[in-house]
Structure formats: structure tokens, C-alpha cells
Amino acid sequence: TYALVSFLCFLSLHAQAQSWTNHTYTYDSSDHPYGYMRHECGATLLDIDGEPVGVLIGGRGSNRKAIYYHPRNAYVDVADTKAPYEIHHVQAVTWRDSIAIIGMGFEGGYPNETPSENILAYYYKSQTFSTLKTVPSARLRGSAMSIIDGDWVYYFCGIKEGHTGGWVSWVDRYNLSTGVWEQLA
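Conventions adopted
Residues numbered from 1 in each chain as written. Predicted model: local features only at pLDDT ≥ 70, side-chain atom pairs only at ≥ 80, totals over all residues. Heavy atoms only, no water. Helix = DSSP H or I, 4+ residues; strand = E, 2+ residues; numbered from the N terminus. Buried < 20%, exposed > 50% of the residue type's maximum accessible area, 1.4 Å probe, protein only. Core = buried A, V, L, I, M, F, W, Y, C linked by side-chain atoms within 4.5 Å. Salt bridge = Lys/Arg side-chain N within 4 Å of Asp/Glu carboxyl O. Polar contact = N/O pair within 3.5 Å; in protein donor to acceptor, adjacent residues only side chain to side chain. Contact = heavy atoms within 4.5 Å. Pairing = 2+ DSSP bridges. Axes fitted to C-alpha atoms, helices over the stretch in contact; angles between N-to-C directions.

So, unusual backbone geometry
A cis amide bond links Tyr110 to the next residue, Pro111, at an omega of 0°. Here Pro111 shows up in the loop between β7 (106-107) and β8 (114-115). Phi is positive for His89, close to 60°, though the residue is something other than glycine. You can see His89 is positioned in the loop between β4 (74-82) and β5 (91-95). Note on His89: relative accessible area 13%, which makes it buried. Unlike most non-glycine residues, Gln127 shows phi in positive territory, near 55°.

Section: the nonpolar core
Ile57, Tyr68, Ile87, Ile102, Tyr122, Tyr124 and Phe129 are the most contacted members of the largest nonpolar core, which totals 17 residues. For this core, the secondary-structure elements that each account for two or more residues are β1 (42-48), β2 (51-57), β3 (65-70) and β9 (118-123). Element by element, the count of residues in this core is highest for β2, at three residues. With 15 residues, the next largest nonpolar core counts Trp95, Ala121, Leu140 and Ala144 among its residues.

Section: the pattern of salt bridges
Charged atoms that come close allow side chains of opposite charge to pair. Overall, the coordinates contain six salt bridges when judged by the stated rule. In this structure, the salt-bridge partner of Arg60 is Glu113, at a minimum N-O distance of 2.6 Å. Taken together, the residues Arg60 in the loop between β2 and β3 and Glu113 in the loop between β7 and β8 connect sequence positions 53 residues apart. What makes Arg60 buried here is its relative accessible area of 16%. Residue Glu113 is classed as buried on the basis of its relative accessible area of 3%. A salt bridge links Arg96 to Asp151; the shortest N-O distance between them is 3.7 Å. Taken together, the residues Arg96 in the loop between β5 and β6 (99-103) and Asp151 in the loop between β11 (145-149) and β12 (152-159) connect sequence positions 55 residues apart. Residue Asp151 is classed as partly exposed on the basis of its relative accessible area, which comes to 25%.

Structural notes on the side chain of Thr44
Mapped onto the fold, Thr44 is located in strand β1. For Thr44, a relative accessible area of 13% gives the class buried. Only 2.7 Å separates the side chain of Thr44 from the side chain of Thr94, close enough to count as a polar contact. Filtering out sequence-adjacent residues up to four positions away, Thr44 remains in contact with Val53, Gly54, Val55, Ala92, Val93, Thr94 and Ala100.

Re the sheet that holds strand β13 (residues 167-175)
Strand pairing in a sheet takes place through backbone hydrogen bonds and is either antiparallel or parallel in direction. In spatial order, the strands read β11-β12-β13-β14; together these four strands make up an open sheet with antiparallel pairing. What marks the edges here is a single partner per strand, and that holds for β11 and β14 (181-184). Ignoring which end each strand starts from, the neighbouring axes of this sheet average 20° apart.

Set out below in C-alpha cells:
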């Protein structure tokens, strides 16, 4: 719960320091030849050369390349680097400024998506993916909330049966350094 409270406090403080502006945008594929629009992807921030850079990762369909968004309003398409399979309804977290983790997502089409059994890592410097851990079969679910505290990624709630049911209130954590998975109360 400490990690969740810390995360919520961070969001509250961050939101107070920001001013929000509403924008209206009509998607035109000719504006974005690399398909920057995403459907149910993960997002995180990385510090690259002292700049906060947004990363969109995963998503439905074949449009699952990692995309960087620089503060200078420039998108960077990352060659043909794609998640090894379609994975969506994911959360991404940044660890040690070099790895974006995709966890507890779904594979397959609506409405009977299957929870992904893998925790994936994306290494932005080499533009490669790897599988870090297989999620214990009894704890598989997608659309789980993920936050990071040190080396631990905490997974909150989720859905076992895609959009058809199986909502759970589980909390688990995974240690990125040791590979230890723990089921929490």
C-alpha cells in the first residue's frame, strides 16, 4: 500500500504543478505515416539525454512498435521493433532509466482476450524485447494496474477472461532484479 499511496501523492503533486489544455484532433493517416495512433497500449516516460521522453508500447493489431514522443513535438518511429506478439491492455513502467516493462496484458481479439503469460522488457537502447518471467498460471490476468517502487513492480486487480468477465482484486509483485514473484494479501 505504501507504493500505491506514494504513487497517488506523486500524481496529485504533479497535477497541481501542471496546467491542462484541451485539444481537438481529427486523425488523418497522411499526417502520421507510421501509425502513431494507439489502441490500448502502454505508456511511460524515460529520461533520455536529460529529457523526459514519452514511450508508447504495445497495442492491438500490427501497430505495436515502440514510439517515442520527444518534448520538441517530434515522434520517432523505432524501425521495425515490435513487441514479439500482439499485447494490449498493458501498463508500462520504467526501471533504471533503461527498460520499459510491459506487464499483465491481453493477447487476441475482442471480447475473448487471453491474459499474456509473459512479463516483457523493452530495452530502448538496443531496441529489443525479452521475456523476464512467466506469470504463475493461477495469477494470470490482463488489464492490471502496474506501478514500480525500487526493483518491485506491483500489479493491482485485473480481468481473467478478457471483456467477458473474471474481474479480480488481486495484488502481486515482481522483483525485476531477483525474478521473485509474490502474491500479496
